[in-house]
Amino acid sequence: NHRFLPWDEIRTEAVVSMDDDFRPQEDQLRKLLEVWCSFPETLVGPMWLTTRSLACRGEGCQEVTYVTGGWPGYYNLILTGFAIFHRGWLV
């Protein structure tokens, strides 16, 4: 994938890296950018990740939504499925 290539079209300092099947809410994106602006040298991402998938049994399927991470006292990896970082990190 070409997610981390330094495309000439990228002119902002902040780069949002997001999986193509992820749809954050506007307030989530605003909060992420707000935190990144305070720490622009850092990879910033949520401690939670909402996941939607299909659970199929027999001939019927149902959409399932679950949230991972964000439990107090636990570490969580910040994955680039939804993160903001400085464009200088692009290689």
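Counting of residues starts from 1 at the beginning of each chain's written sequence and follows it residue by residue. pLDDT decides what is reported in this predicted model: residues at 70 or higher carry local features, side-chain atom pairs at 80 or more are listed and counted, and totals for whole chains, interfaces and linings draw on all residues regardless. For side-chain calculations, the full set of non-hydrogen atoms in the structure is used, while hydrogens and water are omitted.

Caption draft 1: View of the packing of aromatic side chains. A pair of aromatic rings is counted whenever rings of Phe, Tyr or Trp (Trp by its six-membered ring) have centres within 6.5 Å, and the orientation is called stacked for planes under 30 degrees apart, edge-to-face for over 60 and tilted otherwise. Within this structure, the stated rule accounts for 3 aromatic pairs. Both rings, one in Phe4 and one in Phe85, keep their centres 5.9 Å apart while their planes meet at 35°; by these two values the pair is tilted. Placement of the pair is Phe4 in the segment before β1 (14-18) and Phe85 in strand β4 (residues 82-86), with a sequence separation of 81 residues. Between Phe22 and Phe82 the ring centres are 4.8 Å apart and the planes differ by 45°, which places this aromatic pair in the tilted class. Of the two residues, Phe22 is situated in the loop between β1 and α1 (26-38) and Phe82 in strand β4; the sequence distance between them amounts to 60 residues. Of the two residues, Phe22 and Phe82, both sit in the buried class. A connected cluster of aromatic rings, assembled from ring pairs, spans Phe4, Phe85 and Trp89. Numbering of helices and strands runs from the N terminus, with a helix taken as a DSSP run of H or I at least four residues long and a strand as a DSSP run of E at least two residues long. Only protein chains enter the accessibility calculation, which uses a 1.4 Å probe; a residue is then buried when its area is under 20% of its type maximum, exposed when over 50%, and partly exposed in between.

Caption draft 2: A look at the pattern of salt bridges. A pairing counts as a salt bridge when a side-chain nitrogen of Lys or Arg comes within 4 Å of a carboxyl oxygen of Asp or Glu. With the rule as written, the count across this model stands at 4 salt bridges. For Glu34, the salt bridge goes to Lys31, with nearest N and O atoms at 3.4 Å. One end of the pair is Glu34 and the other is Lys31, both in helix α1 and 3 residues apart, which spans about a single turn. Classification of Glu34 as partly exposed rests on a relative accessible area of 48%. You can call Lys31 partly exposed: its relative accessible area is 47%.

Caption draft 3: Spotlight on the state of the cysteines. Our working definition of a disulfide is a cysteine sulfur pair at a distance within 2.5 Å. Here the structure, examined in full by the defined rule, presents 1 disulfide. A disulfide bridge connects Cys56 with Cys61, and the sulfur atoms are separated by 2.1 Å. What sets the handedness of the Cys56 and Cys61 disulfide is the S-S torsion sign, and at about 110° it is right-handed.

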